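One-letter residues, chain by chain:
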Amino acid sequence: TQLLEQSPQFLSIQEGENLTVYCNSSSVFSSLQWYRQEPGEGPVLLVTVVTGGEVKKLKRLTFQFGDARKDSSLHITAAQPGDTGLYLCAGQAGANNLFFGTGTRLTVIP
Amino acid sequence: NAGVMQNPRHLVRRRGQEARLRCSPMKGHSHVYWYRQLPEEGLKFMVYLQKENIIDESGMPKERFSAEFPKEGPSILRIQQVVRGDSAAYFCASSPGGGPNTDTQYFGPGTRLTVL
């Protein structure tokens, strides 16, 4: 079983602050995806990273894939209340299933 | 372009009854995946199907659970003789089937099963 651990598990910050969420594993993944999940809904894909060391930016969100393709980080600049949600990383090994991380529940306080 | 559709969104069953969960993949997608999310836990893979074939069912409980993806119609996840421990959110995802590293999965809204 390939385990992905996310930290922190819970994060509560003020609007305008910056934050970083980490996703770590001892396993190598062919790609890694970040999702955001709202209460009562399914995960919504934010980004897919494939190459070791790759950095992708999505407005105020910056995603990085570790050089060894075992870990990833999500950095949010100037957090907004609309960023509130559950952030999930998921590693893909092969063509089949995704291994999901434990999740980081972010609350941005206005 | 409609996304992944799941129905019902909420399903209540008594212990011993059967639960049938349906998933219609995105248009043009031929690969379907089922995941289960227990309360306060992450998503866990159950089964991966292509049309008329089960490719990987390593995450599926050996008893009472079955899945199919027929040539026509939605994919079905079937749980027989439900027990309280089956209460969870069940998510379906689909992908176009482009192969490793390109096969991004898109998730449906989930079916929340409650067993009384």
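Keep in mind that this is a model prediction, so the values were computed, not measured.

Chemist: I'd like to hear about the overall build of chain B, residue by residue, with values.
Modeler: Per the secondary structure count, chain B includes 0 helices and 11 strands. In chain B, the succession of α and β elements from N to C terminus is β-β-β-β-β-β-β-β-β-β-β. The C-alpha atoms of chain B give a radius of gyration of 14 Å, which matches the 13 Å a tight globule of 116 residues would have. Principal axes of the C-alpha set define a box for chain B whose edges measure 40 × 25 × 25 Å. Split into buried and exposed, the 116 residues of chain B put 45% on the buried side. Across chain B, the fraction of contacts at a sequence separation of at least 24, relative to all contacts at a separation of at least 6, is 53%. For chain B, the accessible surface area stands at approximately 5,900 Å², while carbon and sulfur atoms represent 47% of it. Taking the 16 positively charged and 11 negatively charged side chains of chain B as two groups, their mean positions are separated by 8 Å.

Chemist: So what's going on with the sheet that holds strand 1 (residues 5-7) of chain B? Residues and values would help.
Modeler: Residues and elements named next belong to chain B. Taken in spatial order, the 4 strands make up an open sheet running 1-3-8-7, and their pairing is antiparallel. Of all strands in the sheet, those bounded by a partner on one side alone are strand 1 and strand 7 (65-68). Taken over all neighbouring pairs, the strand axes of this sheet differ in orientation by 15 degrees on average, direction set aside. In this sheet, strand 3 (residues 19-24) lies alongside strand 1 in antiparallel orientation, the contact comprising 3 bridges. The residue of strand 3 that forms the bridge with Met5 is Ser24.

Chemist: If you had to explain the packing of aromatic side chains to someone new, which residues and values would you point to?
Modeler: This structure, assessed with the given rule, holds 8 aromatic pairs over all chains. Centre to centre, the rings of A:Tyr35 and B:Phe107 are 5.3 Å apart; their planes meet at 90 degrees, and the pair counts as edge-to-face. With A:Tyr35 in strand 4 (residues 31-37) and B:Phe107 in strand 10 (residues 106-107), this residue pair bridges two chains. Pair check on accessibility: A:Tyr35 and B:Phe107 agree, each one buried. For the ring pair A:Phe100 and B:Tyr35, a centre distance of 5.6 Å and an interplane angle of 85 degrees mean the geometry is edge-to-face. Pair noted here: A:Phe100 is in strand 10 (residues 98-100) and B:Tyr35 is in strand 4 (residues 31-37), and the two residues belong to different chains. Relative accessible area serves as the criterion here: at 10%, A:Phe100 is assigned to the buried category.

Chemist: Can you explain the side chain of B:Asp86? Please cite residues and give values.
Modeler: Looking at where B:Asp86 falls in the secondary structure, it is placed in the loop between strand 8 (75-79) and strand 9 (88-95). Those residues within four positions of B:Asp86 in sequence are excluded, and the remaining contacts are B:Arg36, B:Arg64, B:Phe65, B:Ile79, B:Leu113 and B:Val115.

Chemist: I'd like to hear about unusual backbone geometry, residue by residue, with values.
Modeler: Leave glycine aside and you will find that most residues have negative phi; peptide bonds, for their part, are mostly trans. Of the consecutive residues A:Ser7 and A:Pro8, the connecting peptide bond is found in the cis state with omega at -10 degrees. For A:Pro8, the location among the structural elements is in the loop between strand 1 (5-7) and strand 2 (10-14). Its identity as a non-glycine residue notwithstanding, A:Lys59 has a phi of 55 degrees, on the positive side. Tracing the backbone through its elements, the reader meets A:Lys59 in the loop between strand 6 (55-58) and strand 7 (61-65). You can call A:Lys59 exposed: its relative accessible area is 85%. Positive phi outside glycine occurs at B:Glu52, with the angle close to 65 degrees. Locating B:Glu52 in the fold gives a position in the loop between strand 5 (43-50) and strand 6 (53-56).

Chemist: Report on the pattern of salt bridges, specifying residues and quantitative values.
Modeler: Taken as a whole and assessed by the stated rule, the structure comprises 7 salt bridges over all chains. Here A:Glu54 ties to A:Lys56 by a salt bridge, and the two come within 3.8 Å at their closest N and O atoms. On the accessibility criterion, A:Glu54 (19% relative accessible area) is buried. The exposure class assigned to A:Lys56 is partly exposed, which follows from its relative accessible area of 32%. Ionic pairing is found between B:Arg64 and B:Asp86, a salt bridge with its closest N-O pair at 2.7 Å.

Rules of the game
Residues numbered from 1 in each chain as written. Chains lettered and ligands numbered in written order. Predicted model: local features only at pLDDT ≥ 70, side-chain atom pairs only at ≥ 80, totals over all residues. Heavy atoms only, no water. Helix = DSSP H or I, 4+ residues; strand = E, 2+ residues; numbered from the N terminus. Rg over C-alpha atoms; globule rule 2.2 N^0.38 Å. Buried < 20%, exposed > 50% of the residue type's maximum accessible area, 1.4 Å probe, protein only. Contact = heavy atoms within 4.5 Å. Areas by Shrake-Rupley, 256 points an atom, 1.4 Å probe, with all protein chains shown as cover. Lys, Arg positive; Asp, Glu negative; His and termini not counted. Charge placed at Lys NZ, Arg CZ, Asp CG, Glu CD. Pairing = 2+ DSSP bridges. Axes fitted to C-alpha atoms, helices over the stretch in contact; angles between N-to-C directions. Phe/Tyr/Trp six-rings, centres within 6.5 Å; stacked < 30°, edge-to-face > 60°. Salt bridge = Lys/Arg side-chain N within 4 Å of Asp/Glu carboxyl O.

The values reported here are purely geometric and, on their own, carry no functional implication.
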